[in-house]
Amino acid sequence: MPITGENLIGAAARRSEGESFRAVEAATGNSLEPAFASATPADVERACALAAEAFDTYRETPLEDRARFLEAVADAIAAIGDELIVRCMAESGLPRARLEGERGRTIGQLKMFAGVVRDGGFLEARIDPAQPERKPLPRPDLRLRQIAVGPVAVFGASNFPLAFSVAGGDTASALAAGCPVVAKAHPAHPGTSELVGRAVQQAVKQCGLPEGVFSLLLDAGISVGQALVADPRIAAVGFTGSRRGGVALMQAAAARTVPVPVYAEMSSINPVVLLPAALEARGRDIGRAFVGSLTLGSGQFCTNPGLILAVEGAGLDGFVEAASAALKETQAATMLTPGIHKAYCAGVAALEANPAVTTLARGLAGGTHQGQAALFSTTAEAFLADHTLAEEVFGAASLVVRCPDLATVRAVLERLEGQLTAALHLDEADHEAARALMPVLERRVGRILVNGFGTGVEVGHAMVHGGPYPATSDGRTTSVGSLAIHRFLRPVSYQDLPDSLLPAALKDSNPLKLWRREDGKAVAPGA
Ligand SMILES: NC(=O)C1=CN([C@@H]2O[C@H](COP(=O)(O)OP(=O)(O)OC[C@H]3O[C@@H](n4cnc5c(N)ncnc54)[C@H](O)[C@@H]3O)[C@@H](O)[C@H]2O)C=CC1
Ligand SMILES: O=C(O)CCC(=O)C(=O)O
């Protein structure tokens with residue numbers, strides 16, 4: 001499939017008159033062919049108008065048709081073949097095996113949402129039958145279902161050019177909910193975005209859906225994203241990226257005449273707590289495993305373990321020694337963009353220059369665009385006194401905070417901002433200490449895990465990839481897993497409607513064969 005540099009607006013591919021830009025080969029900094037044309041305000045207008053036009057038809061597509069569409073998107077992405085991987089490797093600097101895995105995850109989550117749509121449970125159909133004889137007042141017939149919120153703007157993430165990008169989790173969950181999507185390509189991987197965008201466009205056509213179900217807009221800067229979020233037809237926004245970008249979009253959405261929700265996944269340092277018995281028994285093994293997680297994808301994961309908390313002692317010394325030795329052997333790896341590399345180097349330099357911080361180890365030095373891993377340590381006292389030490393350094397850098405006792409570990413956790421994950425390394429003798437930390441962890445994070453690291457999010461029904469601000473803009477939600485669909489739904493009640501006017505999900509005959517909650521009780525179809 002040739003990459004043309006065009007914006008995909010509904011069924012059309014359009015070479016726009018906006019500013020021209022090129023993708024950059026991450027490994028070399030060289031420009032790649034072809035030139036891409038930023039969308040114009042007229043393109044944003046057209047994409048939003050088509051999305052709004054498609055909305056009422058698309059949101060009422062039969063569940064089976066919508067599920068087949070999601071599967072058609074998955075199949076069309078698979079059918080692009082190696083061209084997608086090769087382009088994505090060039091644009092992102094990520095290795096082949098990682099991107100092949102990420103493509104599998106992207107296809108898998110589209111198929112998972114097809115299953116969610118077929119199941120119909122997300123409609124949350126509820127019926128409170130009328131009670132005309134109730135005293136002192138009769139009860140009306142009340143029925144509830146979830147409906148799609150409207151067209152959704154999706155911002156592709158730089159660090160997951162497939163699974164969190166044009167047809168990633170935000171797009172899959174919005175399409176599953178019945179929302180048209182206007183995707184804004186990340187400028188770091190426009191060619192990858194176009195290939196995937198064309199696959200979605202092809203699936204829309206193949207499934208006979210209205211063309212406005214999907215559009216893809218390009219931009220060298222931020223003006224297209226700003227215009228998109230400001231457009232009154234956009235009903236919600238999905239974003240993964242920097243705190244600055246996410247907050248700017250939250251502000252833009254809040255400033256609208258009709259404000260809309262922005263589901264932004266932003267910064268997280270993902271504390272890892274090493275409890276005493278585990279540290280003593282296997283501190284060195286944990287240290288080596290930690291370096292594996294820290295340096296995965298050059299550390300460019302929002303789930304990256306950026307903070308280690310433990311009580312001082314021989315166990316922690318063993319962890320630090322083993323982690324430092326492993327880190328020193330770690331090859332530097334190409335980072336996603338020169339800007340992300342520069343930000344990483346600045347974050348590492350700030351830690352190196354901080355008098356309260358000791359540099360424990362650096363990875364092997366690399367080329368111009370490669371991130372060199374870094375491990376630092378400080379005391380709990382210094383950490384609590386300097387809030388900059390709790391800021392995310394996006395890349396393979398982590399800070400060990402030495403605590404005098406478990407009460408201080410807890411005090412540090414209490415002071416952290418909201419996080420995506422927290423990991424506990426524990427043995428049985430640590431259970432009591434771990435139990436004491438659970439309340440603070442539950443308040444601070446979206447996912448608590450034991451004897452592992454948060455990198456590599458499982459896509460499933462029980463996953464929460466979210467967390468209190470600033471991990472995300474709305475800690476009640478997740479951007480990974482089937483629960484992500486709820487970001488793009490809202491409940492509507494139907495009171496005393498005749499059966500012929502009710503949506504299929506709520507008709508007496510239950511034609512969709514849904515499990516429904518009748519008078520508060522779950523009722524199987526046909527029961
Ligand atoms: N925690 C995480 O998951 C991630 C964090 N980052 C952080 O973000 C930094 C920059 O990386 P990027 O991926 O480029 O993130 P970014 O937040 O700068 O950009 C992400 C997307 O949002 C758009 N955008 C940014 N600011 C905007 C604004 N004010 N108005 C409208 N649109 C806007 C960009 O054009 C891009 O499409 C990294 O160095 C890292 O610190 C990046 C990726 C993931
Ligand atoms: O760890 C993962 O698999 C996902 C990480 C993520 O969501 C991110 O880095 O933006």
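Residues numbered from 1 in each chain as written. Chains lettered and ligands numbered in written order. Predicted model: local features only at pLDDT ≥ 70, side-chain atom pairs only at ≥ 80, totals over all residues. Heavy atoms only, no water.

Right, let's get into the UniProt feature "domain: Aldehyde dehydrogenase" (unreviewed entry) in the chain. Mapped onto the present numbering, the UniProt feature "domain: Aldehyde dehydrogenase" (unreviewed entry) falls at residues 17-459. In residues 17-459, helix accounts for 45% and strand for 20%; the two terminal C-alpha atoms are 39 Å from one another. (UniProt positions renumbered as here; feature names shortened; annotations may be inferred. Helix = DSSP H or I, 4+ residues; strand = E, 2+ residues; numbered from the N terminus.)

Glancing now at the packing of helix α3 (residues 82-92) against helix α4 (residues 96-119). Packing of α3 against α4 leaves a shortest axis separation of 10 Å and a crossing angle of 125 degrees. In terms of orientation, α3 and α4 fall into the oblique class. Read as a crossing pair, α3 and α4 show a hand that is right-handed. Taken together, the residues of α4 that come into contact with α3 (itself represented by Asp82, Leu84, Ile85, Val86, Cys88, Met89 and Ser92) are Arg96, Leu99, Glu100 and Arg103. (Axes fitted to C-alpha atoms, helices over the stretch in contact; angles between N-to-C directions. Parallel < 35°, antiparallel > 145°, perpendicular 65-115°, else oblique. Left-handed = near helix turned anticlockwise from the far one by under 90°. Contact = heavy atoms within 4.5 Å.)

A separate point is the pairing of strand β8 (residues 181-184). Consecutive side chains of a regular strand alternate in pointing toward one face of the sheet and then the other. Going residue by residue along β8, you find Val181 and Ala183 tucked away on one face and Val182 and Lys184 tucked away on the opposite face as well. One ladder, built from four bridges, connects strand β7 (residues 152-155) with β8; its direction is parallel. Note that in β8 the partner of Val154 across the bridge is Ala183. In this fold, β7 hands off to helix α5 (residues 169-177), which returns the chain to β8; that crossover is right-handed. (Buried < 20%, exposed > 50% of the residue type's maximum accessible area, 1.4 Å probe, protein only. Pairing = 2+ DSSP bridges. Right-handed = clockwise from strand over helix to strand, strands pointing away.)

This part is about the domain arrangement of the chain. For the chain, the domain assignment lists domain 1 (7-266 + 477-487) and domain 2 (271-450). Each of domain 1 and domain 2 has a C-alpha centre, and these two points are 33 Å apart. Each partner contributes to the interface: domain 1 provides 16 residues, whereas domain 2 provides 13 residues. Buried area between domain 1 and domain 2, both sides added, is near 1100 Å², and the carbon and sulfur share of it is 59%. In terms of surface lost to domain 2, no three residues of domain 1 exceed Ala26, Asn159 and Glu265, which account for 31% of the buried area on that side. For the interface between domain 1 and domain 2, the tally reads one salt bridge. Across the pair Arg243 and Glu417 runs a salt bridge, and its minimum N-O distance is 2.9 Å. In this structure, the connection of domain 1 to domain 2 is made through three residue pairs in polar contact (both at pLDDT 80 or more). Looking at the side of domain 1 that touches domain 2 residue by residue, the class counts come to six nonpolar, six polar and four charged. (Domains from an automatic or database assignment. Buried area = accessible area lost by both parts, 1.4 Å probe. Salt bridge = Lys/Arg side-chain N within 4 Å of Asp/Glu carboxyl O. Polar contact = N/O pair within 3.5 Å; in protein donor to acceptor, adjacent residues only side chain to side chain. Nonpolar A, V, L, I, M, F, W, Y, C, P; charged D, E, K, R; others polar.)

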